[in-house]
Amino acid sequence: MKGKHIVLGISGGIAAYKAAYLLRLLIKRGAEVQVVITPNGKEFITPATLAALSGKPVVSEFFAANTGEWHSHVDLGIWADLMVVAPATASTIGKMANGIADNMLITTYLSAKEQVMVAPAMDLDMWRHPSTQRNIATLRRDGVIIVEPASGELASGLTGKGRMEEPERIAEAIERYFNNVESLKGRRVVVTAGPTYENIDPVRFIGNYSSGKMGFAIAEEFASRGADVTLVAGPVSLNLENESVRRINVTSAREMHTATLEAAADADCVVLAAAVADYAPERSEERKIKREGVEEMTLRLVRNPDIAASLGKEKGDRLLVGFALETDHELDNAHKKLEKKNLDMIVLNSLRDPEAGFMKDTNRISIISRDGEVKEYPAKSKREVAADIVDAVTARLVR
Ligand code: PMT
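Keep in mind that what you see is a predicted model, and the values were worked out from it rather than measured.

1. Details of the overall build of the protein
Logical step 1: Helices and strands together make up the secondary structure of the protein, namely 13 helices and 21 strands.
Logical step 2: Dimensions of the protein, computed from the C-alpha atoms along their principal axes, are close to 85 × 55 × 35 Å.
Logical step 3: Counting over 399 residues, the protein shows a buried share of 50%.
Logical step 4: A separation threshold of at least 6 residues defines the contact pool for the protein, and within that pool the share at least 24 residues apart is 67%.
Logical step 5: With an accessible surface of roughly 19600 Å², the protein has 49% of that area assigned to carbon and sulfur atoms.
Logical step 6: Across the protein, 51 positive and 55 negative side-chain charges occur, with their mean positions spaced 1 Å apart.

Structure follows, in structure tokens:
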């Protein structure tokens, strides 16, 4: 981040003291930082400390009290390469989401032409509140990068999610942003996500517990790096934040097979994160099956096409990344799938791991490469896991 201009917005919460550490880390890494603090922020950390660390007077009011000089939020928006709000309280997040420009930090945000990143910090109940979650979703839709709060002991004495992420992790997210922006411009990527439903009759189906969170996070991450992304999604209730992603909704494995193969025809990379049903009922009844007088029922299942294996057969230069969801002999089974489906990489996650798998917000993965290399990662949010996967893909695609 050497030479980069960063606006550091600080709002009023206990975590404001951590902003001083973050500021130091950014300066150490060569960034030029302008601090903008809310009136409440000054109750938690003094502008004198922040000015000394940044080497610049801290901006807080619209006018300098002694000279009447106007602080231009518009100029800051032009100057900055990135705006980071850390800590972002529930109130500041709400104002950002709704354009309530009653302080210098929010006017700077509304004038920002650059990417904005937000590190929320609040008590667990405030974080969980539907109002906060709605505001966070709005910010995400508006293209703001959210550095998810961590779980742990909170200022209130309670334990849970809401604590601002550590300064080192925020600095890493900033570094990653500067390294990655536009790094995949011009690359075409297809991602599959979610479950498939195999109809038994118009009411019932065979499905699985996939929520689509993992695949959607991967699609979002590729898009944030400038790739041209097509997401083939099974039946899930998720929305995409990045409007540039082309979404194709499908229901069954056969539909997913057709849509994915079509989209993959001119792709540079395909990532198969969907949990595809391996079998489907031989026939789907047109009318609801009645239970009266039926004590037992046998469903005859037939094999679905294997999307990964079909792509592996005609691989060409395309990079193929599969997933392996296992309950036992994880590494062994993942290696076998990699070989059998002719993949370049396989991402292993285990259903035995309480922080991994279906529906969770976190995942713990290992990435296994064709050359036998196995890289293990700690449990992280699915968006961070997606970033690790896209890093691994980028290392292969952009050489
Ligand atoms: O959606 P979430 O709730 O966030 O959960 C994420 C996840 C657990 C679904 C995801 O991380 C994951 O592991 N996805 C793959 C699940 C799976 O079906 O794994 P598998 O080991 O059965 O399949 C191996 C690979 O072949 C996968 O890449 C799968 O997409 C692909 N496959 C499988 C069957 C089939 N007919 N066609 C395929 O392409």
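Still more ground to cover, so stick around.
2. So, the domain arrangement of the protein
Logical step 1: Domain boundaries assigned for the protein yield domain 1 (5–180) and domain 2 (188–397).
Logical step 2: Computed from C-alpha atoms alone, the centre-to-centre distance between domain 1 and domain 2 is 36 Å.
Logical step 3: Domain 1 puts 5 residues into the contact, and the matching count from domain 2 is 6 residues.
Logical step 4: Between domain 1 and domain 2 the total buried area reaches about 630 Å² when both faces are included, carbon and sulfur atoms providing 37% of it.

3. Some thoughts on the packing of aromatic side chains
Logical step 1: Using the criterion set out here, one finds 4 aromatic pairs in the structure.
Logical step 2: Taking the centre distance of 6.4 Å and the plane angle of 85° together, the rings of tyrosine 17 and tyrosine 21 count as edge-to-face. Taken together, the residues tyrosine 17 and tyrosine 21, both in helix H1 (residues 16–28) and 4 residues apart, mark about one turn of the helix.
Logical step 3: With 3.7 Å between their ring centres and 15° between their planes, tyrosine 197 and phenylalanine 205 make a pair best called stacked.
Logical step 4: For tyrosine 197, a relative accessible area of 25% corresponds to the partly exposed category.

4. Let's talk about the nonpolar core
Logical step 1: Counting 36 residues, the largest nonpolar core has Val191, Ile218, Phe222, Leu231, Cys269 and Ile389 as the members making the most contacts within it.
Logical step 2: Elements represented by at least two residues in this core include exactly strand S8 (188–193), helix H9 (213–224), strand S11 (228–233), strand S13 (269–272), strand S16 (319–326), strand S17 (345–350) and helix H13 (382–397).
Logical step 3: Not counting residues within four places of it along the chain, the set of residues in contact with isoleucine 389 comprises Met214, Ile218, Phe323, Val347, Ile365 and Ile367.
Logical step 4: The next biggest cluster of nonpolar side chains, apart from the first, holds 32 residues, and it includes Leu8, Ile10, Ala31 and Ala121.

5. A closer look at the site of the ligand
Logical step 1: By nearness alone, 27 residues border the ligand, and Ser210, Ser211, Lys337, Asn349 and Met359 come closest of all.
Logical step 2: Contacts to the ligand include leucine 325, whose backbone N or O atom sits 3.2 Å from an oxygen atom.
Logical step 3: Relative to its unbound accessible surface of 780 Å², the ligand loses 96% to contact with the protein.
Logical step 4: If one sorts the elements of the shell around the ligand by residue count, S16 sits on top with 4 residues.
Logical step 5: Taken together, the residues of the shell around the ligand sort by class into 14 nonpolar, 7 polar and 6 charged.

6. Concerning helix H8 (residues 167–180)
Logical step 1: The end-to-end C-alpha distance of H8, which contains 14 residues, comes to 20 Å, matching closely the 20 Å that a straight helix rising 1.5 Å per residue would cover.
Logical step 2: The inward-facing, buried residues of H8 abut strand S1 (5–10), H1, strand S3 (82–88), strand S4 (115–120), strand S5 (145–146) and H13.
Logical step 3: Taken from the residues just after H8, glutamate 182 is the one with a positive phi, measuring 65°.

7. A closer look at the pattern of salt bridges
Logical step 1: Taken as a whole and judged by the stated rule, the model has 32 salt bridges.
Logical step 2: We note a salt bridge from arginine 225 to glutamate 221, for which the minimum N-O separation is 2.9 Å.
Logical step 3: Residue arginine 225 is classed as buried on the basis of its relative accessible area of 1%.
Logical step 4: Across the salt bridge formed by glutamate 285 and arginine 283, the nearest N and O atoms sit 2.9 Å from each other.
Logical step 5: The exposure class of glutamate 285 is partly exposed, given its relative accessible area of 27%.
Logical step 6: Residue classification places arginine 283 among the exposed positions, given a relative accessible area of 55%.

Cut-off values and rules
- Residues numbered from 1 in each chain as written.
- Predicted model: local features only at pLDDT ≥ 70, side-chain atom pairs only at ≥ 80, totals over all residues.
- Heavy atoms only, no water.
- Helix = DSSP H or I, 4+ residues; strand = E, 2+ residues; numbered from the N terminus.
- Buried < 20%, exposed > 50% of the residue type's maximum accessible area, 1.4 Å probe, protein only.
- Contact = heavy atoms within 4.5 Å.
- Areas by Shrake-Rupley, 256 points an atom, 1.4 Å probe, with all protein chains shown as cover.
- Lys, Arg positive; Asp, Glu negative; His and termini not counted.
- Charge placed at Lys NZ, Arg CZ, Asp CG, Glu CD.
- Domains from an automatic or database assignment.
- Buried area = accessible area lost by both parts, 1.4 Å probe.
- Phe/Tyr/Trp six-rings, centres within 6.5 Å; stacked < 30°, edge-to-face > 60°.
- Core = buried A, V, L, I, M, F, W, Y, C linked by side-chain atoms within 4.5 Å.
- Near = heavy atom within 4 Å.
- Polar contact = N/O pair within 3.5 Å; in protein donor to acceptor, adjacent residues only side chain to side chain.
- Nonpolar A, V, L, I, M, F, W, Y, C, P; charged D, E, K, R; others polar.
- Expected span 1.5 Å × (residues − 1).
- Salt bridge = Lys/Arg side-chain N within 4 Å of Asp/Glu carboxyl O.

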